[in-house]
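What the coordinates show
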Amino acid sequence: MNDSTNKSHYKAAVIGSGQGGTPLAHHLAEQGWKTALVEQEHVGGTCVNEGCTPTKTMVASARVAHLASRSKDYGVYTGEIDIDLSVVRKRKRGIVESFRGGNLERIEARQGLDLIRGHATFSGPYTIRITKDDGKDKTIEAEKIFIDTGTRPAAPPIEGLDEVDYLDSTSVMELGKVPEKLLIIGGGYIGVEFGQMFSRFGSEVTIIQRSPQLLTHEDRDIAEEVASILEEDGIEIELNSEVRKVEETDGEKTLVTAEKNGEEISILGSHLLVAAGRRPNTDKLNLEATEVQTNDRGYIEVNEKLETNQENVWALGDVKGGPAFTHISYDDFRIIRDNLLFEGDSASVEDRPVPYTVFMDPQLGRIGLTEKEARKEGYSIDVAKMPMNRVARALEVDETRGVMKAVVDRNTGQILGAAVLGIEGGEIASAIQLAMMGDLTYRDLKEGIFAHPTLAESLNNLFAGLDT
């Protein structure tokens, strides 16, 4: 029997249990607000279920395989390396289920917070219909609504793509055997991470990128260094290559045809991974029943306080258009929390730092402006740059690939941004971020005392180059 006529009333409704929506729901309930948390599938959102947690778990397995393959460099002999991808998958699933289960236990234990399973659609500006797996509907009304429905993998408009059995960033992690030859469409963060991962598992990997460089948001020199590392690992990279058509041959192989520099190229592989972007989960929310506006790509439009154009409706996380990082989603929650629950109304997304790490190996840690962005914004800059083979700790552990780069305001000495492509690059970039947050100049890091031998002390030498 349909129970949509029996409406439940809530002070707040959070649609989506991602890394922004879940803590927000907890805090609202903790403040005495009767709160509904609506989730269609798994609690935890993309990060826990299809993103950060599973991918970085598999990256760790790939790194072990890589170290084992070069163990003789350290005087250690391990014999032939054999990858059982089903065991890697089992380990990944176990960690995901553990994280997901922990989230679920905390939600269920929170007084005043109702977890409602099902697909949410708006039937009015403040009315949400939730379709459950059994086909029954539940309708709720809420005074305040928070949309955290995230994104999903997107397939580009390529001829024949819908006729082949291709993989996306979720399904590729469910493979039980290592692909013989993996073709990857897209040379962004996802393509780079999975490309190196499966290369280390034993696949022949080709990355096909339409742009003239990998990682298009990075400076050209950093992107070229990334490409050099991947090629050293045996990965083929086809830049300036626009995929025109894909098709199956013999029912088993996938043939990719692309236009590269005006010429047609064809690449044959056993598996195809499409890693060419994501799309927002707004198309099935029936936002037409509300005043909430989206842009031409379907992302919800918000102001600097994450408010939509409809009063008492907010959007947070990837569904508002990014930056698409878990820590940004969590900061979205903090902005909404502070403005709603604490005195003042000043928290906003303006001028917040956007750190991130690409979990290739070695890592690419990033904070602040790139050199290109700093010049575009009119800064007078100096650029500090140093290869990782000048870092003592990197030499000692034989992990010398990569480069460190920092952009400095020539007039003030303030650090504007940094890219650290090297062992534990994300951690070194975080140290630079702390300096930026504390308004330290590059000279403070150049003269700072760091324990020896650590990676952090590389900052002495990196910035020393600016005064020579």
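The structure contained in this document is the topic of the report that follows. (Residues numbered from 1 in each chain as written. Predicted model: local features only at pLDDT ≥ 70, side-chain atom pairs only at ≥ 80, totals over all residues. Heavy atoms only, no water.)

Okay, the packing of aromatic side chains next. Applying the stated criterion across every chain yields a total of seven aromatic pairs. Aromatic pair Phe146 and Trp314: ring centres 4.8 Å apart, planes at 20°, arrangement stacked. Taken as a pair, Phe146 in strand β6 (residues 137-147) and Trp314 in strand β16 (residues 313-315) lie far apart in primary sequence, 168 residues in all. With relative accessibility at 0%, the residue Phe146 sits in the buried group. Residue classification places Trp314 among the buried residues on the basis of a relative accessible area of 8%. Ring geometry for Phe198 and Phe201: centres 5.7 Å apart, planes at 85°, overall edge-to-face. (Phe/Tyr/Trp six-rings, centres within 6.5 Å; stacked < 30°, edge-to-face > 60°. Helix = DSSP H or I, 4+ residues; strand = E, 2+ residues; numbered from the N terminus. Buried < 20%, exposed > 50% of the residue type's maximum accessible area, 1.4 Å probe, protein only.)

Below, the discussion takes up helix α10 (residues 425-437). For α10, spanning 13 residues, the distance from its first C-alpha to its last is 18 Å, which sits close to the expected 18 Å at 1.5 Å a residue. Lining the buried residues of α10 we find β17 (356-358), β18 (363-368), β20 (403-409), β21 (415-422), α11 (442-446) and α12 (458-464). Two residues or fewer past α10, Asp439 is found with a positive phi of approximately 60°. (Expected span 1.5 Å × (residues − 1). Contact = heavy atoms within 4.5 Å.)

Turning to unusual backbone geometry, a few remarks are in order. Among all residues save glycine, negative phi is the norm, and among peptide bonds the norm is trans. In the segment running from Gly322 into Pro323, the intervening peptide bond is cis, with an omega of 0°. Residue Pro362 follows Asp361 across a cis peptide bond; omega there is 5°. Along the chain, the position of Pro362 falls in the loop between β17 and β18. A positive phi angle, near 45°, is found at Leu215, a position not held by glycine. Turning to its location among the elements, Leu215 is positioned in the loop between β9 (204-208) and α6 (220-232).

A few words now on the sheet that holds strand β10 (residues 236-238). Read across the sheet, four strands follow the order β10-β9-β8-β14 without closing on themselves; strand pairing throughout is parallel. Two strands in the sheet have a free side with no partner beyond their single neighbour: β10 and β14 (271-274). Adjacent strand axes in the sheet meet at a mean angle of 20° when their direction is disregarded. Pairing between strand β8 (residues 181-185) and β9: five bridges, direction parallel. Its bridge partner lying in β9, Lys181 is registered against Glu204. Packed onto the sheet, helix α5 (residues 189-201) meets β8, β9 and β14 and runs at close to 165° relative to β9. (Pairing = 2+ DSSP bridges. Axes fitted to C-alpha atoms, helices over the stretch in contact; angles between N-to-C directions.)

As far as function goes, none of this settles anything; it's purely spatial.
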